[in-house]
Protein chains: 2
Amino acid sequence: MKSDLDALMQERNFDAILVFGAAENNPPMTYLTGGGHVSGAALVKKRGGKTILVCNPMEREEAAQSGLEVHLYDEYPIDGQGGDSARTLALRLRAILSSLQVSGRVGVYGHVDFGPLFAMLSHFQTLMPEVQLVGEPRENGLFLYAMETKDESEVARIRRMGQITTQVVDLTRDYLTSCAVRADEVLLKEDGTPLTIGDVKSKIRLWLAERGAEPREGFIFAIGHDAGVPHSTGNSMDYLRLGQTIVFDIYPAEVGGGYFYDFTRTWSLGYATPEAEQLYHQVWNVYREIVERLQVNASFKYYQALACELFEKEGHKTPRTEKTPLEGYVHSLGHGVGLNIHERPMSGLTASEDNLLKPGVVITIEPGLYYPEKGMGIRIEDTYWVRPDGQFERLAEYPYDFVLPMKGG
Amino acid sequence: MKSDLDALMQERNFDAILVFGAAENNPPMTYLTGGGHVSGAALVKKRGGKTILVCNPMEREEAAQSGLEVHLYDEYPIDGQGGDSARTLALRLRAILSSLQVSGRVGVYGHVDFGPLFAMLSHFQTLMPEVQLVGEPRENGLFLYAMETKDESEVARIRRMGQITTQVVDLTRDYLTSCAVRADEVLLKEDGTPLTIGDVKSKIRLWLAERGAEPREGFIFAIGHDAGVPHSTGNSMDYLRLGQTIVFDIYPAEVGGGYFYDFTRTWSLGYATPEAEQLYHQVWNVYREIVERLQVNASFKYYQALACELFEKEGHKTPRTEKTPLEGYVHSLGHGVGLNIHERPMSGLTASEDNLLKPGVVITIEPGLYYPEKGMGIRIEDTYWVRPDGQFERLAEYPYDFVLPMKGG
């Protein structure tokens, strides 16, 4: 939570932190400003001090809405003219940090164009050598630690995205099962032509937009072989057919850079092959067993090891049996969800020991099995909140049917 | 164009360039890969050599669709285990650059989380001191130079976004002018409650989504005072009213990180105040005069100076009369448009001399006048392509009416 920032800075021996970049799609900026549309701002927070937003005078009204202490660039005049923007911005940064008497280690954050910021900070380091700029490896990042535990207002926003997500999933299910089907098992659109993955994706985008959500990092709606490749988002030209596994992994966010939800169901329309049925039941059993065993404050990767063990018993490859399996259970069990679609806690076998299921975390549980050569893949995923009382709460309910009967018969 | 990359590297004395970051919303990555969904990739191009995409084995199929030479991370084994991800990734980067015999100056690009890449590259510099990593200030960036001139296929994509943009603008106009109006001049929704800016924005998002476009960087639909603040995107709670200026600046992009279009109209519903009418005609006259005078290979900022001169004659403040005017003509005349909503050529008075209206550039022309204290703002904007024959072509046509008569009477 935001109240953890000073302690996290202390642990890292940071005198201050800096956040650069746009207002949108920039989680640390959104986290500290609460959103808003200040495009040319920088945030500075000294350890033990307030967060200060420094912005262009043109954006002062938007900046004020953040509730932060706002300063305008004009307050930090720059000696001398000329030179490139890296020099100008570096001089201004020196003026800002000098006014706050910052020295020592300073953490740098923000989703930005790398080159210009790197140029500016490289110049800045020659101007103010008493400041040591520090970039943190992703897994150590201060903001991922701060964001790890959510307060009630953050959970309410994630829960609302969960409601929208399941509404859209239900509209998709209803649409697919209402389609007519050709003799060769291909689904047909109203106009009698084959329904494609691209057609369905357009509808999903529309239904999300209608509800104020956006598929900011895309989504997966993949059938057959593509369903068996966890990173494939689905081929727009593929036809929808009966009896093939469809992986629908949807992770929309609040419009403009807010909280995500993460959710997956796998369907087979009309009927399923016995092999797909068997895989589905294996994934479902692992999902259920993991969820039943979840305990507050446990290590998240303990459950990844458990998932591997359960899948290995059924004869599948896992990340324990080989380094990067291309079939079987090929990924990790879940991850934190918030302003980032993937954040702490992490569940990978090599995750650090401090990735715990603490009260306040919001995580996914998403076991799966993938056999691209057989043209099939299965994943089941829900998002859970570890409540302050230590209970695990699923933030949106949705049925787990695998075979969806077609309404036409 | 891409064919300029080697010459641009030569000018900068770069032995190679590196591009990091996600596939989506990362213009240099999109530019070189043509899109696609390779999330954990890096691009390396040696001067005079091919562009190489290095990726995770799980993403090999998506990577192959780029048409680039693909290598897998596995091909660059890392000595020793342990340490943080910055160390691991730095060792891999050394292996990749060593295999290509890269040394000397290397430009670094990509839209990324700054901290982790900065951590990795800081470590890398200790491992491979014969490579000097260079970040370029925004205005000097190699990719902004390469992207400045577009080929026909890029222009076709921008033109298609222009068609979608003007369709959505027309739907908005049709919707607004069909509304019922209350005695106090507030527009009403179908259910008899006041129509808000937020309501209209939701419809615009929906109409864009239906057409495969997304408002990736938002859009402006602002009335009254907010119309007078160029950076205000509009207050969702404001009511739509007759006789107030509405600035509608819409800059959607292809879904998933493609080309933008940029377009603005200003409307006054039902009637306009004489003061707003006068401002509109002044902006329209400047717009028309600028467009009539556009010449291939001219300096873009020459037209900014011309716009200032014309507005000053009418008694307005401009960026020539003061540093950061808060009313009058407060911004620059236009900018290049492509995979970035703002790119070269730039028109600001301090832009470098090489910002020329060369054949192949795609630019906006967008004069405006802003009087927030009077509750009004005006802007007119179209996107133009400088064709190979030196003619300026407006990429989407749309009428310039200011007062939109209400259909109800």
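Residues numbered from 1 in each chain as written. Chains lettered and ligands numbered in written order. Predicted model: local features only at pLDDT ≥ 70, side-chain atom pairs only at ≥ 80, totals over all residues. Heavy atoms only, no water.

Undergrad: Whenever I open this one, the relation of the copies chain B and chain A confuses me. Can you help?
TA: When chain B is fitted to chain A, the residual RMSD is 0.0 Å, and the transformation amounts to a turn of 180° plus an axial shift of 0.0 Å. The operation mapping one copy onto its partner corresponds to a two-fold rotation axis. Residue B:V112, judged by its C-alpha, is the member of chain B lying nearest the rotation axis, at 2.8 Å. (Least-squares fit on C-alpha atoms with pLDDT ≥ 70 in both.)

Undergrad: Can you walk me through the interface of chain B and chain A in this structure?
TA: A common way to report how large an interface is uses the accessible area buried once the components associate. Facing 48 residues of chain B, the contacting portion of chain A comprises 47 residues. Note on chain B versus chain A: buried area summed over both sides is about 4400 Å², and carbon and sulfur give 58% of it. Between B:D113 and A:R138 there is a salt bridge whose closest N-O contact spans 2.9 Å. Across the chain B-chain A interface, the total number found is 11 residue pairs in polar contact (both at pLDDT 80 or more). Only α3 (60-64), α4 (85-99), β6 (111-113), α5 (114-127), β7 (131-134) and α8 (197-210) of chain B provide two or more residues apiece to the side of chain B that touches chain A. The greatest single-element share of the side of chain B that touches chain A, amounting to seven residues, is contributed by α5(B). Across the side of chain B that touches chain A, the residue classes tally to 20 nonpolar, 14 polar and 14 charged. (Contact = heavy atoms within 4.5 Å. Buried area = accessible area lost by both parts, 1.4 Å probe. Salt bridge = Lys/Arg side-chain N within 4 Å of Asp/Glu carboxyl O. Polar contact = N/O pair within 3.5 Å; in protein donor to acceptor, adjacent residues only side chain to side chain. Helix = DSSP H or I, 4+ residues; strand = E, 2+ residues; numbered from the N terminus. Nonpolar A, V, L, I, M, F, W, Y, C, P; charged D, E, K, R; others polar.)

Undergrad: What is the right way to read the domain arrangement of chain A from this model?
TA: All names here are of chain A. If you check the domain split of chain A, you get domain 1 (2-145) and domain 2 (147-404). Inter-centroid distance (C-alpha atoms) of domain 1 to domain 2 is 36 Å. Contact with domain 1, which involves 11 residues of that partner, is made by 13 residues of domain 2. By the criterion of area lost to domain 2, the three top residues of domain 1 are Y31, L144 and Y145, representing 52% of everything that side buries. The tally of links from domain 1 across to domain 2 stands at zero salt bridges. Put simply, domain 1 and domain 2 have seven residue pairs in polar contact (both at pLDDT 80 or more) between them. If you list the elements that add at least two residues to the side of domain 1 that touches domain 2, you get α2 (27-33) and α6 (142-146). Examining the composition of the side of domain 1 that touches domain 2, we find that four residues originate from one element, α2, more than from any other. Its residues placed into classes, the side of domain 1 that touches domain 2 shows six nonpolar, two polar and three charged. (Domains from an automatic or database assignment.)

Undergrad: When you look at the environment of A:H331 in this model, what are you seeing that I'm missing?
TA: All names here are of chain A. Looking at the secondary structure, you find H331 in the loop between α10 (300-313) and β15 (335-336). Taking the relative accessible area as the measure of exposure, H331 reaches 16% and is therefore buried. Taking the C-alpha atoms as reference points, H331 and R293, 38 residues apart in sequence, are found 20 Å from one another. Leaving out residues up to four positions away in the same chain, H331 has contacts with P230, Q304, P319, E366, P367, G368, Y370 and R379. A distance of 2.7 Å separates polar atoms of two side chains, one belonging to H331 and the other to Y370. (Buried < 20%, exposed > 50% of the residue type's maximum accessible area, 1.4 Å probe, protein only.)

Undergrad: Explain helix α8 (residues 197-210) of chain A here, please?
TA: Since the α-helix turns once every 3.6 residues, residues separated by three or four places project in the same direction. If you check α8(A), its first and last C-alpha atoms are 20 Å apart, about what 14 residues at 1.5 Å a residue would give, namely 20 Å. A:I197, A:G198, A:V200, A:K201, A:I204, A:L206, A:W207, A:L208 and A:A209 are the residues of α8(A) that are buried. Buried-residue contacts for α8(A) involve α7 (152-178), β10 (213-214), β11 (219-223) and β12 (245-250) of chain A together with α8 of chain B. Where α8(A) ends, the next residue or the one after it, A:G212, has phi of about 80°, a positive value. (Expected span 1.5 Å × (residues − 1).)

Undergrad: Whenever I open this one, unusual backbone geometry confuses me. Can you help?
TA: Most of the time, phi is negative for any residue but glycine, and the peptide bond is trans. Note the cis peptide between A:R344 and A:P345, where omega equals 0°. Tracing the sequence through the fold places A:P345 in strand β16 (residues 343-346). One non-glycine residue, B:Q101, lies in the positive phi region at around 55°.

Undergrad: Explanation requested: the packing of aromatic side chains in the structure shown.
TA: Given two aromatic rings, one states the distance between the centres and the angle between the planes to describe the pair. Residues and elements named next belong to chain B. The tally for this structure, following the rule as stated, stands at 26 aromatic pairs over all chains. Taking 4.9 Å as the distance between ring centres and 80° as the angle between the ring planes, the aromatic pair formed by Y302 and Y303 counts as edge-to-face. Taking the centre distance of 4.8 Å and the plane angle of 35° together, the rings of F311 and Y329 count as tilted. With F311 in helix α10 (residues 300-313) and Y329 in the loop between α10 and β15 (335-336), this pair connects stretches of sequence that are 18 residues apart. (Phe/Tyr/Trp six-rings, centres within 6.5 Å; stacked < 30°, edge-to-face > 60°.)

Undergrad: Would you mind going over the sheet that holds strand β4 (residues 69-72) of chain B with me for this structure?
TA: Neighbouring strands of a sheet are bound in pairs by backbone hydrogen bonds; such pairs are parallel or else antiparallel. Residue and element names in this part refer to chain B. Taken in spatial order, the six strands make up an open sheet running β4-β3-β2-β1-β5-β7, and their pairing is mixed. The open sheet has two edge strands with one neighbour each: β4 and β7. Each strand of the sheet is rotated relative to its neighbour by a mean of 25°, with strand direction disregarded. Pairing between strand β2 (residues 42-46) and strand β3 (residues 51-55): four bridges, direction antiparallel. Directly across from V44, in β3, lies its bridge partner I52. Against the sheet, α5 contacts β1 (16-20), β5 (104-109) and β7, and its axis sits at roughly 155° relative to β7. (Pairing = 2+ DSSP bridges. Axes fitted to C-alpha atoms, helices over the stretch in contact; angles between N-to-C directions.)

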